[in-house]
Structures are given as C-alpha cells and as structure tokens.
Amino acid sequence: MKKLFSLLLALVLLCSTGMAATYPCVDEPITMTAFATAGPYTKGDFNDLALWRVMEELTGITMKFEAAPSGQSSEKLGLLFASNKLPEIIFKTGLSNDNVISYAEEGQLVAIDPYLEEYAPNFYAILEEKPEIRKAITMADGHIYGFPYLVTASPSTCSPKLFINAKALEAIGKQAPTPLDELTDVLRAFKAYDYNGNGAADEIAWAADGYGQFTKALYGTFGLGTRGGGSLNWDIDPESGELRFIPTSDGYRDMIAYLAGLYQEGLIDQEVFTGLIPELTAKAEQNRLLFVTAHNTTYLSTYADDYVGIEPLTLNAGDEKHWAGQTLSVGGGNTFITNKCQNPAAAVQYFDYFYSDEGIRLFFMGIEGETWETDENGKAVFTDYVKANPDGMGMEEALGTYICWSGGGNPSVANDEYFGSQLINATTVEAAQKLLAYGPETLWPGSFTYTTEEAELQAEYKLEIDTYVKDMTSRFISGAESMDSWDKYVEQINKMDLAGYTDLVQAALDRYNAL
C-alpha cells in the first residue's frame, strides 16, 4: 500500500516520543497465536488487515488470529477454555467479570497488573490519572486481567439522548420543554398535529429505541441514578447517603406513574414493548416521530437533520437539572493473556501501544495517506476513500478493509479526536454535550466485581428480583398492572430477600471503594 513503508518508519521514530516504551518488544521476531471476534464491518481475512502489518514491523510480533463473527465467538471461546486448548492471546472478545474470576482461578488467565508499570507506560498512566478506571477493572482477587475498552468520546458516554423535532416544535408554536408539565403539553400538541400531512392521526409524540430509554431519560428528573447510567438498579440515596435499590424507591414509583399516564393518553409509542429498532427506523422514515430518546440520530433516517438535542427535564420549573444517563468511560476487559503465552511482558507491551496517541489513531483511523490525512489545521481527517468511497462502501465498511474496531470491545481509547468527531454526527455530539453538563460527580461501573461464591449468589438474585422488576415495570407503564399494586410489588421484592441482595452489593461496593 502507498506510504505504508513511510508510516512504519515514522512509527518507529514516534515510539521514542512515547512514555518510555521502546519497540520492538522482542530481540528476535516471534509469532503469537490469538483468538479474536471479528466485527460486523471487518472485511476479508482478519489476518490480512493492514493494521497487523504495521504492528508487526513496529513490535517484532506477528499475531496469528483465529477469528469468529460476534454471534459465534462466545461459544467458540467457551469451548477453547473448556478443552484448555487456548491460544496465547484473546483479542477483542469480552468476558464477564464472573468468567474472568473463574478462568483466573483455574490458572488459565494471566494477571497483567504486575507488568503494567514497566511494560505498559501508556495504559499505566491512564490508570494513575483515572483511578476509577483501575477500580472498575480490578477483580475481587485484587488483580487486573484484561485490557479494557475506554470510550471517552462524549456522545458515547451519554445514553440515551433527548432529540426533539425542531420543525414540529416550531409548527405547534412551542419551545423546547424543561419541566414535565411543559413536556406533557408539548406531547399532547404533537399528538394532535398532523405533522407529516398524510391526513392520518399517526404521529408518535414520544418514541424510543426500547422502553428502558423512557425510564433512563427521566432518572435524573426524579432524583434517581445518582451514580450514573451504568447502574440502573443501584445508587446512593442523596438523603440518607446509603446504598439504595432504585426500583423500590418513591422516586421510581413516581416516575413509573408519570410514564403510565402518558402511555394511557397515547403520548408514548404504543408498540414500545414489542417494537425493535428496524420498526423505529421505519416510523422515522414516515416522518411520524416528534420527540425521541435514543442513542443517536442514525435511527431517524431521512429526517435526522430536523432534530435537535435538549437539556435534562426537571420535575418542576426552576428545579436544578440532573442527568443520570452518563456512564463511566470504561468497558469490561476484552483482551487477555492466557497461560499458554510464552512472553507475557512482550504481549502487554504490544497492546499498550493502542493506548498511546499514535496507537489510538492507528486503531481507529487506519493508515496515513490511505484512510486518513492531515488537513490545513493539522488535524487528522478521513480521506475520500473513507468519506466518499469509490466502491460505494460506507465509512465503517471502508475502514473495515484496514482496521478492526467495528463491533466494540477494543483494547484502546475511543476518544473525541480520532473517533467521536470523526464518526459521530454533530447533532448527536451537541445533544450529548447538553446533557453531560449536568451529569453526576461520581460514576459507578456497570457492575462491581464479585468472588466466585458471591457471583453465584448474585446470579440467583438477579434472576429472581431483577427479572421481576423488569416485568412489573413494563406492566405498570402499559397499564396491565394498576399503580394501586405498588405496595404489593415492593412487598414481593422484600420477600425475595432484597435485604440479602443489598448486603451482597454493599460488600462489593465496600471492596470497590477500598481500592
């Protein structure tokens, strides 16, 4: 490929400007075996991506991958662990915390924390600067086993976002709502207005890409989710300062009652409990959606440019705004070293490169002169091969011939410079910024870490209590269950041993806070 050689030489020079890491990683070239999950846009043989030729020249390590599509990788990897026929590296394949601890206890995974300070200066510096990341990825035994996906691009740390159709808002003579009474007023006006002009009363005042997005949109409004959107069932009660199970709180009850009222008025999409994203996109294409809570505007199809983001909703006019949909920027471990690896230190150094500035750019933007170039302001921008591909490929497809980030689960940092501003549209970015300004001071990860025994008990609680909460929440909102049954609902959860569940989570939280 053009300029590939010059890029390789530049990378070798650039590595000396990093945080003390030196390349190559080994005195003599070596090959490591690896298992990988191939994302939906990865093109051709996983081993033939240009990314690996760059890394081979830089590090002296050739990765020989066995790759499986995302729908098959978990099963295949499970068989490899069960048979103990593991490769040296597991790449871009997430494992649950419970599985990590289990495999570590069997001696199949190698702890990487002893190697980080010496062999992973880029990643180690992140952990030193952001201790909440270290806490999130440290297992119950005190060790770190996997390199995580750090998503710091602002739109990706905010879900959902609040999009309102600006043209429809202007047509009904309203301003963007803030308190809930204004939202209700706007939704009623939307429902009564034939915005798409087809003569049918088919407008959907409030739609979402899943019913959970309705509740997430209102968590902060009702004083819930004080530790962010990673933990939907647990937070800290701002009044007592104690651990709180959100779904039995008064705020949760009031939120559900408000949504139930909207649903009964027909102000919420009546198919939200059964519809999927393709159905939402089809409705958007018919220009029927007027207020939408979704992760991005991709689902809004042809009319996406008609929407703008709004700030968090409040219970009453003048209330302080809170947004609970902000998440900690760290995903679970996705890249691991197994007990088959002959040189763990070199493997750690290899993947550390993807946490450096040059490595992040390589991982998400590809090859200079091929997929990206520098503009007049000195900023890396995609080339026309990516932005206006001559073969008609979309951006993700074009990049999939060079790099492998699609599908998530990457041992790198998806930041604003090389990911967010490059691949996420301006409307979504601006919508996120309007909400993140009101996010919590403290964010929790999606789950704390548990010992093997604790994990087994947690699974039982989740199966019984969390499943019951999810079912009853949908029943309350849809009207299948009257809000008059709320006390019985809480009583039933208590009978399911909510006290024991709380003690279990409290123990994990105490361990997390002690790190």
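Here, every reference points to the structure presented above.
This structure is a prediction, so every number in the text was calculated from the model and none was measured.

How each quantity is defined
- Residues numbered from 1 in each chain as written.
- Predicted model: local features only at pLDDT ≥ 70, side-chain atom pairs only at ≥ 80, totals over all residues.
- Heavy atoms only, no water.
- Phe/Tyr/Trp six-rings, centres within 6.5 Å; stacked < 30°, edge-to-face > 60°.
- Helix = DSSP H or I, 4+ residues; strand = E, 2+ residues; numbered from the N terminus.
- Buried < 20%, exposed > 50% of the residue type's maximum accessible area, 1.4 Å probe, protein only.
- Lys NZ or Arg CZ within 6 Å of the ring centre and 35° of its normal.
- Pairing = 2+ DSSP bridges.
- Axes fitted to C-alpha atoms, helices over the stretch in contact; angles between N-to-C directions.
- Parallel < 35°, antiparallel > 145°, perpendicular 65-115°, else oblique.
- Contact = heavy atoms within 4.5 Å.
- Nonpolar A, V, L, I, M, F, W, Y, C, P; charged D, E, K, R; others polar.
- Salt bridge = Lys/Arg side-chain N within 4 Å of Asp/Glu carboxyl O.
- Patch = residues over 30% accessible without salt bridge, like charges linked within 9 Å, V, L, I, M, F, W, Y side chains within 5 Å.
- Areas by Shrake-Rupley, 256 points an atom, 1.4 Å probe, with all protein chains shown as cover.
- Lys, Arg positive; Asp, Glu negative; His and termini not counted.
- Charge placed at Lys NZ, Arg CZ, Asp CG, Glu CD.
- Core = buried A, V, L, I, M, F, W, Y, C linked by side-chain atoms within 4.5 Å.
- Polar contact = N/O pair within 3.5 Å; in protein donor to acceptor, adjacent residues only side chain to side chain.

With that settled, the discussion passes to the packing of aromatic side chains. Each aromatic ring pair is characterised by the separation of its centres together with the angle its planes make. Following the criterion strictly, the structure yields 42 aromatic pairs and no others. Between Trp206 and Phe291 the ring centres are 5.2 Å apart and the planes differ by 45 degrees, which places this aromatic pair in the tilted class. In this pair, Trp206 is assigned in strand β6 (residues 204-208) and Phe291 in strand β9 (residues 289-294), connecting sequence segments 85 residues apart. Phe291 matches Trp206 in its accessibility class, with the two residues each being buried. Looking at Lys135, its charged tip hangs above the ring of Tyr512, at a distance of 4.5 Å from the centre.

Of all eight residues that make up strand β11 (residues 330-337), six are buried, and the element is covered over most of its length. Note that strand β3 (residues 89-91) and β11 share two bridges and pair antiparallel. Paired with Ile89 across the strands is Ile337, a residue of β11. In this structure, strand β4 (residues 146-151) lies alongside β11, joined through four bridges in antiparallel fashion. Within the sheet, the bridge partner assigned to Leu150 lies in β11 and is Val330.

Looking now at the packing of helix α19 (residues 452-478) against helix α20 (residues 486-495). Interaxial distance between α19 and α20 falls to 11 Å at its minimum, and their mutual angle equals 170 degrees. When the axis of α19 is compared with that of α20, the two are roughly antiparallel. Of the residues in α20, those touching α19 at Ile465, Tyr468, Val469, Met472 and Phe476 are Trp486, Tyr489, Gln492 and Ile493. A class-by-class count of the residues in the contact of α19 with α20 yields eight nonpolar, one polar and no charged.

As for its position among the elements, Gly230 is in the loop between α10 (212-218) and β7 (234-236). As for Gly230 and Ala111, which are separated by 119 residues in sequence, their C-alpha atoms are 25 Å apart. Apart from residues lying up to four places away in sequence, Gly230 is in contact with Gln326, Thr327, Trp444, Pro445 and Gly446.

Now for the pattern of salt bridges. Taken as a whole and assessed by the stated rule, the structure comprises 16 salt bridges. Residue Lys43 pairs with Glu397 through a salt bridge whose shortest N-O separation is 3.6 Å. One end of the pair, Lys43, is in the loop between β1 (30-38) and α2 (50-59); the other, Glu397, is in helix α16 (residues 395-399), and 354 residues separate them in sequence. What makes Lys43 partly exposed here is its relative accessible area of 34%.

Now for a negative patch on the surface. There is a patch of like negative charges on the surface, built from Asp98, Glu105, Glu106, Asp141, Glu453, Glu456 and Glu460. Of all elements in the fold, only α4 (97-105) and α19 reach the threshold of two or more residues within the negative patch. No other element matches the three residues that α19 contributes to the negative patch. With respect to the helices and strands, Glu453 occurs in helix α19.

Residues Phe46, Trp52, Met63, Ile89, Phe91, Leu116 and Phe354 are the most contacted members of the largest nonpolar core, which totals 70 residues. In terms of residue count, α2 provides more of this core than any other element does, six residues in total. When near neighbours in sequence (up to four residues on either side) are disregarded, Ile89 contacts Met32, Thr33, Ala34, Phe35, Met63, Thr335, Phe336, Ile337, Ala347 and Phe351. Among the nonpolar cores identified, the runner-up in size contains 69 residues, and Ile164, Leu436, Trp486 and Val505 belong to it.

Checked against the element boundaries, Asn233 lands in the loop between α10 and β7. Engagement of the side chain of Asn233 in a polar contact is seen with the side chain of Asp466, the distance being 3.4 Å. Not counting the four nearest positions on each side in its chain, Asn233 is found in contact with Arg244, Phe245, Ile246, Pro247 and Asp466.

What follows is about the sheet that holds strand β10 (residues 307-309). Backbone hydrogen bonds hold the strands of a sheet together, and the pairing may be parallel or antiparallel. Strand order across the open sheet formed by four strands is β6-β9-β5-β10, with mixed pairing between neighbours. With partners counted over all chains shown, the strands left at the sheet margins are β6 and β10, one partner each. Neighbouring strand axes in the sheet, compared pairwise and without regard to direction, differ in orientation by 20 degrees on average. Here strand β5 (residues 161-165) runs beside β10; their pairing, made up of three bridges, is antiparallel. Pairing of Asn165 across the sheet is with Tyr307, part of β10.

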